[in-house]
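# Geometric and topological summary
Each chain, written out:
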Amino acid sequence: MNLRARRNKSEIRVFTDSLNDIMFFLMLFFLLASAVANPQVVKLLLPRSSAGEQSVAKKTVTVSVTQDLKYYLDKQEVPYANLSNAVQAYVQPGEELTIMLYADSTVPIQNVISVMDIANKLKIRLVLATEPMRE
């Protein structure tokens, strides 16, 4: 039985400085990627739906209606009187266009229907965006 302390034993060290740098850059990358992945810049409280499926078309235009009844077309504020002309500028022959309508849940239904009327007049498909219900 050897009870003497070993003086010749070397310490094992793991240098984690470079690992910390890598973890920091990974965290930064995922934070930036998650901010870019969400196309909805206008903050809205969307209505909830039990079927939270998203449909994606080849070319989409985002129309947002905020709580204070401001209309946004692809992140740019557009007065309602000019909304039809602004949407029509996106229409190109031979290309299917879809309007993704993001309306705040407090917006009166008449304002949502008015955007639907613009889409029907221009013969453009319209999809109303909802937020999935949490169970």
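Residues numbered from 1 in each chain as written. Predicted model: local features only at pLDDT ≥ 70, side-chain atom pairs only at ≥ 80, totals over all residues. Heavy atoms only, no water.

Going by the annotation in an unreviewed UniProt entry, the name recorded for the protein chain is Biopolymer transport protein ExbD, with Parapedobacter koreensis given as the source organism. For the record of the protein chain, the UniProt heading Sequence similarities (unreviewed entry) holds the text "Belongs to the ExbD/TolR family." (UniProt positions renumbered as here; feature names shortened; annotations may be inferred.)

A separate point is unusual backbone geometry. Among all residues save glycine, negative phi is the norm, and among peptide bonds the norm is trans. Its identity as a non-glycine residue notwithstanding, leucine 69 has a phi of 60°, on the positive side. Phi is positive for lysine 123, close to 55°, though the residue is something other than glycine. Considering the arrangement of structural elements, one finds lysine 123 in the loop between helix 3 (109–121) and strand 6 (125–128). Its relative accessible area of 77% is what places lysine 123 among the exposed residues. (Helix = DSSP H or I, 4+ residues; strand = E, 2+ residues; numbered from the N terminus. Buried < 20%, exposed > 50% of the residue type's maximum accessible area, 1.4 Å probe, protein only.)

Per the stated rule, a full pass over the model turns up three aromatic pairs. Centroid distance phenylalanine 24 to phenylalanine 25: 5.7 Å. Interplanar angle 65°. Geometry classified as edge-to-face. Taking the relative accessible area as the measure of exposure, phenylalanine 25 reaches 53% and is therefore exposed. Taking 5.4 Å as the distance between ring centres and 65° as the angle between the ring planes, the aromatic pair formed by phenylalanine 29 and phenylalanine 30 counts as edge-to-face. Residues phenylalanine 29 and phenylalanine 30 agree in their burial class; the two are exposed. (Phe/Tyr/Trp six-rings, centres within 6.5 Å; stacked < 30°, edge-to-face > 60°.)

Spatial strand order, 4-3-2-5-6: five strands in an open sheet with mixed pairing. Edge positions in the sheet fall to strand 4 (76–78) and strand 6, since each has one partner strand and no second. Averaged over all pairs of adjacent strands, the angle between strand axes in this sheet comes to 30°, irrespective of strand direction. Pairing analysis gives three bridges linking strand 2 (residues 59–65) to strand 3 (residues 71–73), with the strands arranged antiparallel. Bridge assignment links valine 65 to a residue of strand 3, and that residue is tyrosine 71. (Pairing = 2+ DSSP bridges. Axes fitted to C-alpha atoms, helices over the stretch in contact; angles between N-to-C directions.)

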